[in-house]
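Survey of secondary and tertiary structure
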Amino acid sequence: MPHALITGASSGIGAALALELARRGWDVSLIARRREKLEAVAASVVEAGARAALAVADVTDRQGVRQAIASCTAQLGPVDLAIANAGGGGLTPADAFDAGEASRIMRLNFDGVAHTLECVLPEMIARGHGHVAAMASIAGLAGLPPSSVYSASKAAVQVMMQSMSAELRHRGVAVTVINPGFVRTPLTDTNDFDMPFMWEVDRAARHIVRGLERRRRVIEFPAPLSWPLRATRWLPAWMVEWLIRTVIMTRT
Ligand SMILES: NC(=O)c1ccc[n+]([C@@H]2O[C@H](COP(=O)([O-])OP(=O)(O)OC[C@H]3O[C@@H](n4cnc5c(N)ncnc54)[C@H](OP(=O)(O)O)[C@@H]3O)[C@@H](O)[C@H]2O)c1
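The text that follows walks through the structure, step by step, so that each part is easy to find. If you're wondering where the values come from, they're calculated on a predicted model, not measured in any experiment. Within each chain, residues carry numbers counting from 1 in the order of the written sequence. Local features in this predicted model are restricted to residues of pLDDT 70 or higher, and side-chain atom pairs are both shown and tallied only at a pLDDT of 80 or more, whereas totals for entire chains, interfaces and linings draw on every residue. The side-chain numbers reported here are obtained from all heavy atoms of the structure, hydrogens and water having been left aside.

1. Notes on the site of the ligand
We define proximity as follows: a residue is near a molecule or strand when any one of its heavy atoms falls within 4 Å of that partner. Around the ligand sit 29 residues, and of these S11, I13, R33, Y150 and T185 come closest. Note that a nitrogen atom of the ligand is positioned 2.9 Å from one of the side-chain N or O atoms of D58. Between the ligand and the protein, one listed contact pairs an oxygen atom with a side-chain N or O atom of K154 at 3.0 Å. Numbering of helices and strands starts at the N terminus; helices are DSSP runs of H or I of at least 4 residues and strands are runs of E of at least 2. Only α1 (12-23), α5 (148-168) and α6 (186-189) provide two or more residues apiece to the shell around the ligand. Of all the elements, α6 adds the most residues to the shell around the ligand, at three residues. In the scheme used here, Gly and all other residues not listed as nonpolar or charged are polar, with Ala, Val, Leu, Ile, Met, Phe, Trp, Tyr, Cys and Pro taken as nonpolar and Asp, Glu, Lys and Arg as charged. A breakdown of the residues in the shell around the ligand according to their chemical character gives 15 nonpolar, 10 polar and four charged. N or O atoms closer than or at 3.5 Å make up a polar contact, with two conditions inside protein: a donor-capable atom paired with an acceptor-capable one, and, for residues adjacent in sequence, both atoms drawn from side chains.

2. Some points on the packing of aromatic side chains
Between rings of Phe, Tyr and Trp, where Trp is taken as its six-membered ring, a pair exists when centres lie within 6.5 Å; planes separated by under 30 degrees are stacked, by over 60 edge-to-face, and by other angles tilted. Under the criterion given, the structure shown has two aromatic pairs. The ring of W199 has R203 sitting right over it, with the charged end atom 3.8 Å from the ring centre. By definition here, charges over rings are those cases where NZ of Lys or CZ of Arg is within 6 Å of the ring centre and within 35 degrees of the ring normal.

3. Quick look at α1
Between its first and last C-alpha atoms α1 spans 17 Å; for 12 residues at 1.5 Å apiece the expected length is 16 Å, and the two agree. The buried label goes to any residue with under 20% of its type's maximum accessible area, the exposed label to any with over 50%, and the partly exposed label to all in between, with areas taken from a 1.4 Å probe on protein chains only. Most of α1 sits inside the fold, with 10 of its 12 residues counted as buried. Considered for burial, the residues of α1 that qualify are G12, I13, G14, A15, A16, L17, A18, E20, L21 and A22. One or two positions beyond α1, positive phi appears at G25, with a value near 95°. The length a helix should cover is 1.5 Å for every residue beyond the first.

Shown next as structure tokens:
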């Protein structure tokens, strides 16, 4: 069976992706910090008829990620699909802007992806076969207050993956960036603002896995959020700012 490796697999979208991939015939490696949560997800993967490996690591720890991925490949073989999903948020309002918090979010959402990719890419490139995917967000399509740094971290991931796709696709390695809108997970459970067009996590996982199986460059949903955000790129800056202030800031 092909082998998928997922970071941030202990809850939310990562856990749902693990189960969906297992149901579709993938063996799955699970990486995150909370061992007991990973063990519960691994049990569901096995129940679905697939093999599971797990390793505890903090994705901000480059060496720890390397050891975790080595342990997974020792158990399940080379990685065919790596999903760098681990990530999280944190508000960074301009009134209380804190460079330490900004750096924490970038380390988690950007460095975490980079640490994962550097471990799996050399072998995929050497084999001329493989697929890397990174979890960004529609929040990376525009700067959404008061999550300026979260938006910036996800925009950085989007641009990195776009660039890598141009380098690697013709060499047999597919590159996908995933840009979800709001999905019901422990991450969004803590939000106290309006979250339009929210998807349940199982629906999101099915949609993402279908896109990954088609080796799409971009998987983005839901359309009613992604299309208007993409359209802002064609508008003058003052109009985008006005829209953000009137449409988004009044809802948060
Ligand atoms: N839910 C949404 O609406 C939404 C929308 C767009 C994008 N996203 C993105 O989707 C991804 C998954 O989020 P989610 O909504 O599923 O949230 P979640 O349920 O909180 O899951 C986050 C996952 O990341 C792991 N994680 C967090 N920090 C980590 C670290 N330092 N090292 C290793 N693993 C770490 C967590 O596991 P441990 O705590 O066990 O380490 C957990 O498995 C994130 O990148 C998020 O930005 C979510």
